[in-house]
Amino acid sequence: MNSKILVTGGLGFIGSHTVVALQEKGFEVVIIDNLSNTSIDVLGGITKISQKTPVFENFDLRDKAKVKEFFEKHPDIDGVIHFAASKAVGESVINPLLYYENNLASLIYLLKELNKKENPGFIFSSSCTVYGQAKDLPITEDAPVKKAESPYGNTKQIGEEIIADTCKANPGFRAISLRYFNPIGAHPSAEIGELPIGTPQNLIPFITQTAIGEREELSVFGDDYPTPDGTCIRDYIHVMDLARAHVVALERLMENKEETNYEVFNLGTGKGNSVLEVIKSFEKVSGVKLPYKITDRREGDITAAYADTTKANDELNWKANLSLDEALDSAWKWQKEVKRRTETEN
Ligand SMILES: NC(=O)c1ccc[n+]([C@@H]2O[C@H](COP(=O)([O-])OP(=O)(O)OC[C@H]3O[C@@H](n4cnc5c(N)ncnc54)[C@H](O)[C@@H]3O)[C@@H](O)[C@H]2O)c1
């Protein structure tokens, strides 16, 4: 029998790509998603790619009774990958309680149910935001966790602590936190991708929406940072590479290969690119000239962050393979597909 994996937030951006990667490896997938930041159409996209429709349960993980009921209905879940969370930094500053409730209550309810099982395996979506502006670059997993700059960032730090404490109290509980750098791109088929609702907070959807004509121009927040071209530097990782890393991490848990029962890994390419470099790369792969203007710095943005990926390379035997050009090319294909779908609907 194939292992049965629960993917929370499995219809979201990273979750949907991971579901496809799991199905391709023969895992049976059950998704929980409340559709708060995605569309039911993503289920069709997943099915089109993998020719398999995952079981889908539409409910809110903040509903403790429903979470309990779910595990009673699916007693054979072998592992959980927990993506579901609210992720908009700015919104978290305005509405911190929504973020603490959604990102932490959901996590606790899941852990409580999993803790009843024998040797449960759990993978958590964490973020490089836990490092803030690190003193040394590239950033290793040993870099100190800085006081969070936003309630969102704080939910990732507290989330990691809750999981670490759970693992300490129950040596049979096995968990991995994956600290993502900057996930971008889409499935090469353009059947699934990132679906930002409202004004995108991340650079790539902003770029593709500008290029397609949905936005007049792109704002580059500051060109006076202490970097070679003055714009911020990030580690952009293709979502396909990221999805594959989740499968590898899950297999590590399934095969009892972990060194300790709670582990943390950075997931990035190990290379930093500036905002202007991303714009140049996008213009090259799309052939579209991007209108952009330099504006003031955005509050809370750090200067530079990119991962030291040695630990993931050596211990997970995983490495990001895809380039920035490939990621931007896939994001552009996806944006054109989104436009085509919108036009067919209207
Ligand atoms: N995208 C990034 O840049 C990034 C970077 C670092 C970490 N992360 C983390 O990775 C995870 C996935 O991110 P993403 O970009 O795929 O986000 P996403 O918003 O596309 O996906 C999250 C999914 O979870 C669902 N969801 C949210 N709250 C829920 C709830 N209470 N019950 C059930 N479903 C719920 C949403 O409908 C959505 O489909 C999140 O935990 C996020 O914080 C994302």
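Higher on the page you've got the structure.
As the structure is a prediction and not an experimental result, all values here were calculated from the model.

## Focus on the packing of aromatic side chains
Piece 1. Scanning the entire structure with this criterion turns up 5 aromatic pairs.
Piece 2. Ring geometry for phenylalanine 282 and tryptophan 332: centres 5.4 Å apart, planes at 85 degrees, overall edge-to-face. Here phenylalanine 282 is found in helix H9 (residues 275-286), whereas its partner tryptophan 332 is found in helix H11 (residues 324-345), with 50 residues between them in sequence.
Piece 3. Counting every residue linked through ring pairs, the aromatic cluster contains Phe59, Phe70 and Phe71.
Piece 4. Just above the ring of tyrosine 225 sits the side chain of arginine 297; from NZ or CZ to the centre is 3.9 Å.
Piece 5. Positioned above the aromatic ring of phenylalanine 265 is the side chain of lysine 311, whose terminal nitrogen or guanidinium carbon lies 4.7 Å from the ring centre.

## A look at the site of the ligand
Piece 1. The environment of the ligand is made up of 29 residues, and the closest members are Asp33, Asn37, Lys87, Asn102 and Tyr152.
Piece 2. Glycine 12 places a polar main-chain atom, nitrogen or oxygen, 3.3 Å from an oxygen atom of the ligand.
Piece 3. At 2.6 Å, a side-chain N or O of asparagine 37 approaches an oxygen atom of the ligand.
Piece 4. Contributing elements (two or more residues each) for the shell around the ligand: helix H1 (13-24), helix H5 (96-114), strand E5 (121-127) and helix H6 (151-169).
Piece 5. The element best represented in the shell around the ligand is E5, accounting for 3 residues.

## Some points on the nonpolar core
Piece 1. If you look at the biggest cluster of nonpolar residues, it comprises 39 residues, and the most contacted ones within it are Leu22, Ile46, Ile123, Leu178, Leu267 and Trp318.
Piece 2. Sorting the residues of this core by element identifies strand E1 (4-8), H1, strand E2 (28-32), helix H2 (41-50), strand E6 (174-180), helix H8 (239-254), strand E11 (262-267) and helix H10 (310-316) as the ones contributing at least two each.
Piece 3. Examining the composition of this core, we find that 9 residues originate from one element, H8, more than from any other.
Piece 4. Once you skip the residues sitting within four places of it in the chain, leucine 267 turns out to touch Leu178, Arg179, Tyr180, Phe181, Ile237, Leu242, Ala245, Ala312 and Trp318.
Piece 5. Counting 24 residues, the second largest nonpolar core, distinct from the first, contains Phe59, Ile163, Cys167 and Phe173.

## Section: helix H7 (residues 203-211)
Piece 1. For H7, a buried count of 9 out of 9 residues is recorded, marking the element as mostly surrounded by other parts of the structure.
Piece 2. Among the residues making up H7, those that are buried are Leu203, Ile204, Pro205, Phe206, Ile207, Thr208, Gln209, Thr210 and Ala211.
Piece 3. Against strand E7 (182-184), strand E8 (218-221), strand E10 (236-238), H9 and H11 lie the buried residues of H7.
Piece 4. At the exit of H7 stands glycine 213, carrying a positive phi of roughly 100 degrees.

## As for the sheet that holds E2
Piece 1. Overall, parallel pairing links the 7 strands, which are arranged E3-E2-E1-E4-E5-E6-E11 in an open sheet. Edge positions in the sheet fall to strand E3 (55-57) and E11, since each of these pairs with one other strand and no more. Averaged over all pairs of adjacent strands, the angle between strand axes in this sheet comes to 20 degrees, irrespective of strand direction.
Piece 2. Pairing geometry for E1 and strand E4 (residues 77-82), over 5 bridges, is parallel. The residue bridging valine 7 from the neighbouring strand is isoleucine 81, located in E4.
Piece 3. Relative to E4, helix H3 (residues 64-73) is tilted by about 145 degrees, and along the sheet it contacts E1, E2, E3 and E4.
Piece 4. Packing against the sheet, H8 makes contact with E1, E4, E5, E6 and E11, and its axis sits at approximately 160 degrees to E6.

## A few points about the environment of glycine 10
Piece 1. Tracing the chain through its elements places glycine 10 in the loop between E1 and H1.
Piece 2. Residue glycine 10 is classed as buried on the basis of its relative accessible area, which comes to 0%.
Piece 3. In the structure, glycine 10 is positioned 86 residues away from proline 96 in sequence and 24 Å away in space, judged by C-alpha atoms.
Piece 4. Excluding anything up to four places from it in sequence, glycine 10 contacts Gly15, Ser16, Val19, Ile31, Ile32, Asp33 and Ile46.

## What about empty space enclosed by the protein?
Piece 1. Tallied over the entire structure, the rule returns 1 cavity of 30 Å³ or more.
Piece 2. Estimates place the volume of the largest cavity at around 60 Å³.
Piece 3. What lines the largest cavity is His82, Phe83, Ala84, Ala85, Asn103, Leu104, Leu107, Phe124, Thr155, Lys156 and Gly159.

Rules used in this analysis
Going along each chain's sequence as written, the residues are numbered from 1 onward. For a predicted model such as this one, the threshold for reporting local features is a pLDDT of at least 70, and the threshold for listing and counting side-chain atom pairs is 80 or more; totals across whole chains, interfaces and linings nevertheless cover every residue. In computing side-chain values, all of the structure's heavy atoms are included and hydrogens and water are not. Paired rings are identified among Phe, Tyr and Trp, the last through its six-membered ring, by centres lying within 6.5 Å, and are further divided according to the angle between planes into stacked (under 30 degrees), edge-to-face (over 60) and tilted (the rest). Only DSSP runs of H or I with at least four residues qualify as helices, and only runs of E with at least two residues qualify as strands; both kinds are numbered from the N terminus onward. Both a distance and an angle decide whether a charge sits over a ring: NZ of Lys or CZ of Arg must be within 6 Å of the ring centre and within 35 degrees of the ring normal. Throughout this document, a residue counts as near a molecule or strand when at least one of its heavy atoms sits within 4 Å of that molecule or strand. By the criterion applied in these results, polar contacts are pairs of N or O atoms within 3.5 Å in which, for protein atoms, one can donate a hydrogen and the other can accept it, and in which residues neighboring in sequence qualify only through two side-chain atoms. The set of buried Ala, Val, Leu, Ile, Met, Phe, Trp, Tyr and Cys residues whose side-chain atoms join them within 4.5 Å is what this entry labels a nonpolar core. Throughout this description, buried means an accessible area under 20% of the type-specific maximum (1.4 Å probe, protein chains only), exposed means over 50%, and partly exposed covers the range between. The contact criterion used throughout is that any non-hydrogen atoms of two residues lie within 4.5 Å. Being paired, for any two strands, means DSSP has found at least two bridges between them. Axes, fitted as lines to C-alpha atoms, cover a helix only where it is in contact. Angles between the N-to-C directions of the axes lie from 0 to 180 degrees. Using protein atoms alone on a 1 Å grid, points that fit a 1.4 Å probe yet trap it form a cavity, whereas open point sets bounded by protein on both sides within 12 Å along at least five of seven lines form a pocket; residues with an atom within 4 Å of a point count as lining. Grid points are joined across faces, edges and corners, and a volume is the space filled by probe spheres set on the points.

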